[in-house]
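Descriptive structure summary
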Amino acid sequence: MIAGDSKESLTLCKLIIMKAYNWGILGTGNIAHKFARALMLLDNGHLYAVGSRDAQKAAAFASEFGFTKHYGSYEEMLSDPGVEVVYISSPHSHHLEHTLLALRNGKHVLCEKPMSLNAPEVTVMADEARKQELFLMEALWPPFQPSYVKADEILKSGKLGKLLHMRGKFAFVSPYEPERRTYDLKLGGGSLLDIGIYPIMDILRYMGEPESVIASSVLAPTGADESTSVIFRFSDGRMAEAYSSFGNMGGVSTEFNFENGNLNLTRGRDRSQHLLIEYPNDVDDRIFTPPAQGYQYEAVEVMNCLDRGLTESRVVPLSFSIMLARTLDAVREKTGIKYPGRDR
Ligand SMILES: NC(=O)c1ccc[n+]([C@@H]2O[C@H](COP(=O)([O-])OP(=O)(O)OC[C@H]3O[C@@H](n4cnc5c(N)ncnc54)[C@H](OP(=O)(O)O)[C@@H]3O)[C@@H](O)[C@H]2O)c1
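Remember, predicted model here, so these are calculated numbers, not experimental data. (Residues numbered from 1 in each chain as written. Predicted model: local features only at pLDDT ≥ 70, side-chain atom pairs only at ≥ 80, totals over all residues. Heavy atoms only, no water.)

**Here's the deal with the overall build of the protein chain**
Of the regular secondary structure elements, the protein chain holds 10 helices and 15 strands. In terms of C-alpha radius of gyration, the protein chain reaches 20 Å, essentially the compact-globule figure of 20 Å for 344 residues. Dimensions of the protein chain, computed from the C-alpha atoms along their principal axes, are close to 55 × 50 × 40 Å. Taken across its 344 residues, the protein chain has 57% of its residues classed as buried. Taking all contacts inside the protein chain whose residues are at least 6 apart in sequence as the whole, residues at least 24 apart take part in 68%. Of the roughly 14500 Å² that the protein chain leaves accessible, carbon and sulfur atoms contribute 52%. The distance from the centre of the 37 positive side-chain charges to the centre of the 43 negative ones in the protein chain is 1 Å. (Helix = DSSP H or I, 4+ residues; strand = E, 2+ residues; numbered from the N terminus. Rg over C-alpha atoms; globule rule 2.2 N^0.38 Å. Buried < 20%, exposed > 50% of the residue type's maximum accessible area, 1.4 Å probe, protein only. Contact = heavy atoms within 4.5 Å. Areas by Shrake-Rupley, 256 points an atom, 1.4 Å probe, with all protein chains shown as cover. Lys, Arg positive; Asp, Glu negative; His and termini not counted. Charge placed at Lys NZ, Arg CZ, Asp CG, Glu CD.)

What follows is the structure, encoded as structure tokens:
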């Protein structure tokens, strides 16, 4: 077993970055806390401002992490000329509104996943970023993790031969409570958009856009999907499967099957990342334990892109977010997951 040296990667990232940026965080929920903690690791990611619907929450968040400014409304934070790049951490249902608001206030944006509830909305967001000539990226953080960077390297090396099949799952127990974000359709609740997006992202990144989809969901009484199972078929005859659930402790893993071996990416309960590569006559087994759960790497990508004057990431471009949203729409069409007022 080899321990992957994530500290080394982080140091390298720091060396590559040229300029410091003033970040604004929109929303003060669960993931905003984790992202702020990760940003604190980066010398050039300045914790500048936080905006909340509640001034007291904004003040408490600012004092917990040492933000320079705090605002009791998103609009006020976004009109602060000091804010350069905004992390949108509101529920899925509000990503469209908040991203457009940030872009129209001249801010670069890193928007939490899923970018929005459907592909037409994601297209509107991408079009606005292009019109404003500002950076926009969906916060799909796994591809920036040391484990994925290593997996990409192995795939590109061709050592395992052609990739023939993939299977990914993301499952944990989130007990049914109708008012929870994860079960509330008004907030975009459901396992597919919340966690199923990750194995589907993996499949699309490595196999492209599927030609057809077979899918089935178990819906909770609110109409949000508790579990969703998907089979993708590609134009060259390859297939892949994705599964998401709030109903069991199945964990997080993606399995890649090649002509000459296999590759497995697994996330541990402690958020460590396990990469297992089975070559014809050898096994390479690595564990990566990035600090702050690894959320800093997506912030590094944003700042690297800004340094280079890019308005899109080459790793997670807007065309990928649109393809992902289109695929999620195709799955929802098969399984009957609908977001009232947002689906045609
Ligand atoms: N990358 C990851 O690993 C990861 C993990 C978890 C979640 N996420 C994504 O992050 C987003 C937020 O998830 P979360 O778990 O952080 O949710 P959360 O704990 O409920 O926080 C969401 C925050 O959004 C703000 N908000 C704005 N409008 C809201 C509304 N109408 N109802 C509720 N909150 C509203 C609130 O902040 P204020 O009250 O301060 O305004 C709230 O604290 C989701 O899109 C989710 O998919 C990503």
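**Observations regarding the sheet that holds strand β3 (residues 45–51)**
Read across the sheet, six strands follow the order β4-β3-β2-β5-β6-β7 without closing on themselves; strand pairing throughout is parallel. Across the chains shown, the open sheet's two edge strands, defined by having one partner strand only, are β4 (69–71) and β7 (136–138). Strand after strand, the sheet turns through a mean of 20° between neighbouring axes, direction not considered. Pairing analysis gives four bridges linking strand β5 (residues 85–88) to strand β6 (residues 108–111), with the strands arranged parallel. Among the inter-strand pairings, V85 is bridged to a residue of β6, identified as H108. Each of β2 (21–26), β3, β5, β6 and β7 touches helix α9 (residues 296–307); the most contacted strand, β2, lies at about 130° to it. (Pairing = 2+ DSSP bridges. Axes fitted to C-alpha atoms, helices over the stretch in contact; angles between N-to-C directions.)

**Side note on the domain arrangement of the protein chain**
Reports often express the size of an interface as the amount of accessible area lost when the parts come together. Taken domain by domain, the protein chain consists of domain 1 (2–138) and domain 2 (142–301 + 317–335). Centre-to-centre, using C-alpha coordinates, domain 1 lies 24 Å away from domain 2. Put simply, domain 1 and domain 2 have zero salt bridges between them. Linking domain 1 to domain 2 there are seven residue pairs in polar contact (both at pLDDT 80 or more). (Domains from an automatic or database assignment. Salt bridge = Lys/Arg side-chain N within 4 Å of Asp/Glu carboxyl O. Polar contact = N/O pair within 3.5 Å; in protein donor to acceptor, adjacent residues only side chain to side chain.)

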